[in-house]
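Results of the structural survey
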Amino acid sequence: MIIAPSILSANFGNLSESIEKVSSAEWLHVDVMDGHFVPNMSIGPVVVKGLRPYTSQVFDTHLMISDPMKYAKEFVDAGSDRITFHIETVKDPMQMIEHLHELNVKVGVSIKPATSVESIAPYLSKIDQVLVMSVEPGFGGQEFMMNSVLKIEELSRIRKKEGLSFLIAVDGGINKETAVFCKKAGADVLIAGSYVFKSDHPNGKVDSLR
Ligand code: DX5
Ligand code: ZN
């Protein structure tokens, strides 16, 4: 399992210290919110750039913004290794995927709880990762939605049947219990915010998920 702590639940007064506490994680998940696609605002490219010298962990950037095409390059230039955009935000997903390929960054596509796996089926052979949202995007600390497990199973079946290699990531409400459902369904990446950071021993929480 790849574990990606979501820094949305970290201490924004001292981010570099927060990420030191999750040094055992392979990836760091960076939630970008624009107050438009989701009803909250969070991190911009300047934060990614500021954090980049402090760690060599993979920066997994989750764009919850209405215009990912406009801002993707800024995040890549700032140090993002993987960029995930929401299928609900683009008219022409293939164009967005090609744009990210040109930027030389790993490509992820995310679906909200009400969006079907079918809606991203045509793109699965072109991308590196699917991010299944297991809460409504916008806030940390929400309860895991069980319908996401069915989507992980469906993606896992398609991947096997078609011989594809995209990673399946799940984001929202992940803890030691919900992680088990996701693992059994075929998830490869667990993104967890409050479970990891609202603890005195974040690295221990990362290890417990793995
Ligand atoms: C929600 C974000 C998540 C969030 C997860 O919109 O995409 O990454 O930080 O937080 P928890 O793990 O607390 O549900
Ligand atoms: Zn996220």
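Placed above this text is the structure.
Here is a short report on the structure shown in this document. (Residues numbered from 1 in each chain as written. Chains lettered and ligands numbered in written order. Predicted model: local features only at pLDDT ≥ 70, side-chain atom pairs only at ≥ 80, totals over all residues. Heavy atoms only, no water.)

1. Topic: the coordination of the zinc ion (ligand 2)
- Bound to the zinc ion (ligand 2) are the protein donor atoms H29 (NE2), D31 (OD), H62 (ND1) and D171 (OD), situated 2.1 to 2.3 Å from the metal.
- Because the angles between the six donor atoms bound to the zinc ion (ligand 2) fall within 70 to 170°, the donor set is best described as octahedral.
- Of note, the zinc ion (ligand 2) draws all its donor residues from one chain, in the sequence arrangement H-x1-D-x30-H-x108-D. Placement of D31 in strand β2 (residues 27–33) and of H62 in strand β3 (residues 58–64) is noted, with a sequence separation of 31 residues between them.
- On the basis of relative accessibility, which here comes to 4%, the residue D31 falls in the buried class.
- Residue H62 is classed as buried on the basis of its relative accessible area of 0%. (Donors = N, O, S within 2.8 Å, 3.2 Å for Na, K, Ca; no water. Tetrahedral: all angles 85-135°; square planar, octahedral: opposite > 155°, others 65-115°. Helix = DSSP H or I, 4+ residues; strand = E, 2+ residues; numbered from the N terminus. Buried < 20%, exposed > 50% of the residue type's maximum accessible area, 1.4 Å probe, protein only.)

2. Observations concerning the pairing of β3
- Burial of β3 is extensive: six of the seven residues sit out of reach of the surface.
- Of the pairings in the sheet, the one linking β2 to β3 comprises seven bridges and is parallel in character. Bridge pairing links D31 to H62 in β3.
- Since β2 and β3 lie parallel, the crossover through helix α2 (residues 45–51) that links them has a hand, and here it is right-handed. (Pairing = 2+ DSSP bridges. Right-handed = clockwise from strand over helix to strand, strands pointing away.)

3. Examining helix α5 (residues 147–162)
- Taking 1.5 Å of rise per residue, 16 residues should cover 22 Å, and α5 covers 23 Å from first to last C-alpha, within 8% of that figure.
- Every buried residue of α5 is listed here: S148, V149, K151, I152, L155, S156, I158 and R159.
- At its buried positions, α5 is contacted by β5 (106–111), β6 (129–133), β7 (167–171) and α6 (176–185).
- Phi for G163, located one or two positions after α5, is positive at around 60°. (Expected span 1.5 Å × (residues − 1). Contact = heavy atoms within 4.5 Å.)

4. Quick notes on the environment of R210
- Its location among the elements puts R210 in the segment after α8 (202–209).
- Separated by 185 residues in sequence, R210 and A25 place their C-alpha atoms 9.2 Å apart.
- Separated by 3.2 Å, the side chains of R210 and E26 make a polar contact.
- Engagement of the side chain of R210 in a polar contact is seen with the side chain of D207, the distance being 3.0 Å. (Polar contact = N/O pair within 3.5 Å; in protein donor to acceptor, adjacent residues only side chain to side chain.)

5. Some words on helix α4 (residues 93–102)
- Among all positions in α4, only P93, M96, I97, H99 and L100 are buried. An end-on view of α4 places all buried positions within 160° of arc, on one side of the element.
- For α4, the elements touching its buried residues are α3 (68–78), β4 (82–86) and β5. (Arc of directions from axis to C-beta.)

6. Section: the site of ligand 1
- Around ligand 1, a shell composed of 20 residues is seen, among which D31, G138, D171, G193 and S194 lie nearest.
- Contacts to ligand 1 include G138, whose backbone N or O atom sits 2.7 Å from an oxygen atom.
- Look at ligand 1: alone it shows 380 Å² of surface, and the protein chains cover 99% of it.
- For the shell around ligand 1, the secondary-structure elements that each account for two or more residues are β2, β3 and β8 (189–192).
- If one sorts the elements of the shell around ligand 1 by residue count, β2 sits on top with three residues. (Near = heavy atom within 4 Å. Areas by Shrake-Rupley, 256 points an atom, 1.4 Å probe, with all protein chains shown as cover.)

7. Some thoughts on the environment of L164
- Along the polypeptide, L164 turns up in the loop between α5 and β7.
- For the pair L164 and S125, spaced 39 residues apart in the sequence, the C-alpha separation amounts to 6.2 Å.
- Not counting residues within four places of it along the chain, the set of residues in contact with L164 comprises L124, S125 and R159.

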